[in-house]
Structure formats: C-alpha cells, structure tokens
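# Report on the structure
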Amino acid sequence: MIEMQDTGFGYQGGAPLLSGMTLSLQPGSFHFLTGPSGAGKTTFMRLCYADLLPTEGQMSALGKDMRGLSRDGIAALRRKVGVVHQDPQFLDHLPVAENVALPMTISGEPVNMAAMRDLLGWVGLAQQARAMPASLSGGERQRVALARAVILSPDLVLADEPTGNLDWDMSMRLMQLLIELNKSGKTVLVATHDLNLIRATKAQVAARVLRIANGGLHLAGADL
Ligand SMILES: Nc1ncnc2c1ncn2[C@@H]1O[C@H](COP(=O)(O)OP(=O)(O)OP(=O)(O)O)[C@@H](O)[C@H]1O
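Residues numbered from 1 in each chain as written. Predicted model: local features only at pLDDT ≥ 70, side-chain atom pairs only at ≥ 80, totals over all residues. Heavy atoms only, no water.

The protein chain goes by Cell division protein FtsE in an unreviewed UniProt entry, where it is assigned to Paracoccus tegillarcae.

Let us now look at the packing of helix H3 (residues 96-106) against helix H4 (residues 113-122). Interhelical geometry of H3 versus H4 gives an angle of 110 degrees and a closest axis separation of 11 Å. Taken together, the axes of H3 and H4 lie roughly perpendicular to each other. Across the interface between the two elements, Val96, Ala97, Val100 and Ala101 of H3 pack against Met116, Leu119 and Leu120 of H4. Of the residues that constitute the contact of H3 with H4, the class distribution is seven nonpolar, no polar and no charged. (Axes fitted to C-alpha atoms, helices over the stretch in contact; angles between N-to-C directions. Helix = DSSP H or I, 4+ residues; strand = E, 2+ residues; numbered from the N terminus. Parallel < 35°, antiparallel > 145°, perpendicular 65-115°, else oblique. Contact = heavy atoms within 4.5 Å. Nonpolar A, V, L, I, M, F, W, Y, C, P; charged D, E, K, R; others polar.)

A word on the layout of surface pockets. By volume, the largest pocket is sized at about 650 Å³. Looking at the largest pocket, it is lined by 25 residues, and the ones nearest its centre are Arg78, Val81, Val83, Pro103 and Ile106. For the lining of the largest pocket, the residue count by class is 15 nonpolar, five polar and five charged. Here the lining of the largest pocket spans two domains, since at least three of its residues come from each of domain 1 (1-80 + 155-224) and domain 2 (91-153). (1 Å grid on protein atoms, 1.4 Å probe; cavity = no way out; pocket = protein on both sides within 12 Å on 5 of 7 lines; lining within 4 Å. Points joined across faces, edges and corners; volume = space filled by probe spheres on them. Domains from an automatic or database assignment.)

With that settled, consider the pattern of salt bridges. Per the stated rule, a full pass over the model turns up five salt bridges. A salt bridge links Asp51 to Arg46, with the shortest nitrogen-to-oxygen separation between them at 2.7 Å. By relative accessible area, Arg46 is classed as partly exposed at 25%. Residue Glu109 pairs with Arg79 through a salt bridge whose shortest N-O separation is 2.8 Å. (Salt bridge = Lys/Arg side-chain N within 4 Å of Asp/Glu carboxyl O. Buried < 20%, exposed > 50% of the residue type's maximum accessible area, 1.4 Å probe, protein only.)

In total, this model carries one cavity of 30 Å³ or more according to the counting rule given. Put simply, the largest cavity is a space of about 50 Å³. Forming the boundary of the largest cavity are Leu62, Lys64, Gly73, Ala76, Leu77 and Lys80.

Before going further, it helps to spend a moment on the site of the ligand. Taken together, Tyr11, Leu17, Pro36, Ser37, Gly38, Ala39, Gly40, Lys41, Thr42, Thr43 and His193 make up all the residues around the ligand. The side chain of Ser37 places a nitrogen or oxygen atom 2.5 Å from an oxygen atom of the ligand. His193 is positioned such that a nitrogen or oxygen atom in its side chain is 3.3 Å from an oxygen atom of the ligand. Here the ligand loses 55% of its free accessible area of 640 Å² to cover by the protein chains. (Near = heavy atom within 4 Å. Polar contact = N/O pair within 3.5 Å; in protein donor to acceptor, adjacent residues only side chain to side chain. Areas by Shrake-Rupley, 256 points an atom, 1.4 Å probe, with all protein chains shown as cover.)

What follows is the structure in structure tokens.
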C-alpha cells in the first residue's frame, strides 16, 4: 500500500527532516504513527497522500511510483486515500450532508443520497444531516470529517491526530469507527501522541506502531 526505500524529505531551503525511511505498509493493516511534537508526523502523512513528494529515495503509494507523478496521477492517488485532519475544515455555508458529499461533488460523481444517509448513520450523525458545521461539537466535527474521508470508499484512511481535541469516550468512539473500517478491509494509519489510545486500540485490533524520532522511522517495541 505504501512502500518506502531509503526515502527522505526536506522542506525547500531546509535541512532534511526525514531520511532513510524504509517501510512496507501492507494492504489491510492498521498502523499508528507516533513521535515527539515536530518530529515530522504530519509531514509523513502528507507524503502518503502525495501532498508532498519525497526528496530522496524511492516511494510508492497504492502501487504508483511517487517520482515523476503527474497532476492526474496525484489526483487519482488522492481519490483512493481518505484523510482526517486534527482540525478539519468545512464549508461553513453548507450543511453537514453537503460537506460530506464534497469529494463526490468535486469529482463530478452523482451524490448517492441513500449511501450518504447510511454513512451519516454509521458515524452517529443521521439527525445532523441538515445541521450547519458551526453548530457541531468537536467530536461531531471529527465524525463528519471521517464520513467525508470515506465517502469515495478509499483503500487507505489516514487520520492525523484525529482525537487531539476530544475527551476519552469520544476518542474511543472515533477509534471504534477506524477499527471497523480496518475490519472491513481498509488500510488505516493514525498519527497520535496518545499512548493510552494506542494501547486501548491494540487490545481490539492487531495494530503496529511506527515511531518517528531523530529524523528516522522506527518500528516501536511490543510494549506499545
Ligand atoms: N510547510 C513547511 N515548511 C517548512 N517547514 C515545515 C513546514 N511544515 C512543517 N515544517 C516543519 O517540519 C517539522 C515537522 O513538522 P510536522 O508538522 O510534520 O511535525 P509533527 O510531528 O506532526 O508535529 P506535531 O506533533 O506538533 O503536530 C517542524 O519543525 C515544522 O516546523
């Protein structure tokens, strides 16, 4: 799903931030990504959905070589990757249902309203379909963001600190949805600082933990 061989990345004009990363993220796997603040977790996630391209080594995502990826290639790749950000942004003048449907609208696909209702029901927000984003709680916003991330049925779901602003119960509720997605066959990668969340999730799913530290990517020990 994601393959890296001695892959590195540095922002323009800066020293390399990540280097020598070697990874084979298998289809259907569940991984956490952890590491200190500023280590490069978000940068790593951005590489995985071709929002950034590696500056060293080799990398492929969903079978596509990231080197020399055309604009169309990047767009096709992103269609297969659903992303949930820590602080999801919505179009505030559109209700929840339209925000969730945006990836379909943008890609010119007809919106399947029945599928939309199912999806909102799955994230527990069937009653909020017509609500405006500004009226949602933090946990509701994250669940709307998750629904939006999976509406095109991506193969890979990336969540960058999705529970950063949520209490424990809501964090676990969101993790439950990510676990369900994984059990339905999706590859899931979740960046988080929260070791308790990792431990609680690992009790339910065979998740592995990647750690970014000192500019490199490491597999964390079994104690995590
Ligand atoms: N667009 C950018 N241009 C230059 N440097 C950047 C850019 N985005 C991030 N950085 C730098 O890259 C480093 C890694 O940032 P990144 O956001 O990937 O870390 P992180 O591990 O996700 O941090 P946190 O846990 O605090 O969210 C930081 O030093 C950051 O300042």
